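As a plain string of letters, each chain reads:
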Amino acid sequence: MFNPTREDVRRFFCDTWKKKTESHILTLLETIAGDWMEQHPEYHTLLTDSDGALAQDYTPERGETNPFLHLSMHLSISEQISIDQPPGIRKIAENLAGKLGSEHEAQHRIMECLGQVMWESQRDGVPLSPEKYIEALQKLN
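Keep in mind that what you see is a predicted model, and the values were worked out from it rather than measured. (Residues numbered from 1 in each chain as written. Predicted model: local features only at pLDDT ≥ 70, side-chain atom pairs only at ≥ 80, totals over all residues. Heavy atoms only, no water.)

Novice: What's the story with the overall build of the chain in this structure? I'm lost.
Specialist: In terms of helices and strands, the chain carries eight helices and zero strands. Ordered by position in the sequence, the α and β elements of the chain form the string α-α-α-α-α-α-α-α. Relative to the globule expectation of 14 Å for 141 residues, the C-alpha radius of gyration of the chain, 16 Å, shows essentially globular dimensions. Considered along the principal axes of its C-alpha atoms, the chain spans approximately 40 × 35 × 30 Å. Going through the 141 residues of the chain one by one, you find that 33% of them count as buried. Pairs at least 24 apart in sequence give 57% of the contacts found in the chain among residues at least 6 apart. Just so you have it, the chain exposes about 8,700 Å², and 53% of that area is on carbon and sulfur atoms. Averaging the coordinates of the 14 positive side-chain charges in the chain and doing the same for the 23 negative ones gives two points 3 Å apart. (Helix = DSSP H or I, 4+ residues; strand = E, 2+ residues; numbered from the N terminus. Rg over C-alpha atoms; globule rule 2.2 N^0.38 Å. Buried < 20%, exposed > 50% of the residue type's maximum accessible area, 1.4 Å probe, protein only. Contact = heavy atoms within 4.5 Å. Areas by Shrake-Rupley, 256 points an atom, 1.4 Å probe, with all protein chains shown as cover. Lys, Arg positive; Asp, Glu negative; His and termini not counted. Charge placed at Lys NZ, Arg CZ, Asp CG, Glu CD.)

So, in C-alpha cells, the structure goes:
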C-alpha cells in the first residue's frame, strides 16, 4: 500500500506546482492536483518554496490550515467522486455543487464531513465508517 511521508506529500505538491507553472506535461494525478492548487492562490507562494514548505509545521495551536492536508483532501474527495466510493458520494457531490453553484465549495463541505469521520475514527481507534461518512454527507443536501 502507498504510504507517503509528510515530505513526500509536500514535494509532490511543490514539484507539481513547478511543473504546472512551467507548462510541463503532467500526469493525471498532477493535473487534478494542479487544478486544485490553481483554485487556492493563497498557497501559491508556499508552493514555490519547497524548502520552506518542508520545514513548516502546522499545528492546531498556531490556528493555521495545513495547505498540504487541504489539497490532499481535495485529491481524495475527487477520487472518491470519480469512482463513486463510498457508493452515493458522486450523486451527493453533484447535487451539492448544483445547490451551492460551486464544485469547490461543495468539496469544502464534503471535506468537513470527511475530517469529522476521520477524527472520530482516530479518537475511537476504529476503522473509518463509510456509513457514517455517507450519513454526514446526506445531511448536506
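Novice: Teacher, can you tell me more about helix α5 (residues 67-83) here?
Specialist: For the α-helix, the turn length of 3.6 residues means that residues three or four positions removed from each other point alike. Compared with the 24 Å implied by 1.5 Å per residue over 17 residues, the 25 Å span of α5 between its first and last C-alpha is a close match. What α5 keeps buried is the set Pro67, Phe68, His70, Leu71, Met73, His74, Leu75, Ile77, Ser78, Gln80 and Ile81. One side-chain oxygen of the residue at the start of α5 lies 2.9 Å from the amide nitrogen of Phe68, identifying that residue as Asn66. Looking one or two residues past α5, Asp84 carries a phi angle of roughly 55°, positive in sign. (Expected span 1.5 Å × (residues − 1). Polar contact = N/O pair within 3.5 Å; in protein donor to acceptor, adjacent residues only side chain to side chain.)

Novice: Just checking my understanding: could you explain the pattern of salt bridges for this structure?
Specialist: Any two side chains of opposite charge can pair, on the condition that their charged atoms come close. Counted according to the given criterion, the structure contains eight salt bridges. A salt bridge links Arg6 to Asp57; the nearest nitrogen and oxygen atoms lie 2.7 Å apart. Of this pair, Arg6 sits in helix α1 (residues 6-21) while Asp57 sits in the loop between α4 (50-55) and α5, and the two are 51 residues apart along the sequence. For Lys20, the salt bridge goes to Asp35, with nearest N and O atoms at 3.7 Å. Remark: Asp35 occurs in helix α2 (residues 28-38) and Lys20 occurs in helix α1; sequence separation between them is 15 residues. The partly exposed category is assigned to Lys20, whose relative accessible area is 21%. (Salt bridge = Lys/Arg side-chain N within 4 Å of Asp/Glu carboxyl O.)

Novice: Would you mind showing me how to read the packing of aromatic side chains here?
Specialist: To describe a pair of aromatic rings, one takes the distance between the centres and the angle between the planes. Counted according to the given criterion, the structure contains two aromatic pairs. With a centroid separation of 5.2 Å and an interplanar angle of 70°, the aromatic rings of Phe12 and Phe13 are classed as edge-to-face. Judged by centre distance (6.4 Å) and plane angle (45°), the ring pair of Phe13 and Phe68 falls under tilted. Taken together, the residues Phe13 in helix α1 and Phe68 in helix α5 connect sequence positions 55 residues apart. You'll find Phe13 and Phe68 in the same group, each marked buried. Pairwise contacts between aromatic rings join Phe12, Phe13 and Phe68 into one cluster. (Phe/Tyr/Trp six-rings, centres within 6.5 Å; stacked < 30°, edge-to-face > 60°.)

Novice: Where do I start with the nonpolar core in this structure?
Specialist: Taken as a class, soluble globular proteins show a tendency for nonpolar side chains to be buried jointly. If you look at the biggest cluster of nonpolar residues, it comprises 17 residues, and the most contacted ones within it are Ile77, Ile81, Ile89, Ile110, Leu114, Tyr133 and Leu137. Of all the secondary-structure elements, those providing two or more residues to this core are α5, α6 (89-100), α7 (103-124) and α8 (130-138). With six residues, α7 is the single largest residue contributor to this core. Among residues more than four places away in sequence, those in contact with Ile110 are Ile77, Ile81, Ile89, Ala93, Leu96, Tyr133, Leu137 and Leu140. Of all hydrophobic cores here, the second largest spans 13 residues; its members include Trp17, Leu47, Tyr58 and Phe68. (Core = buried A, V, L, I, M, F, W, Y, C linked by side-chain atoms within 4.5 Å.)

Remember that the coordinates give geometry; whether it matters functionally is a separate question.
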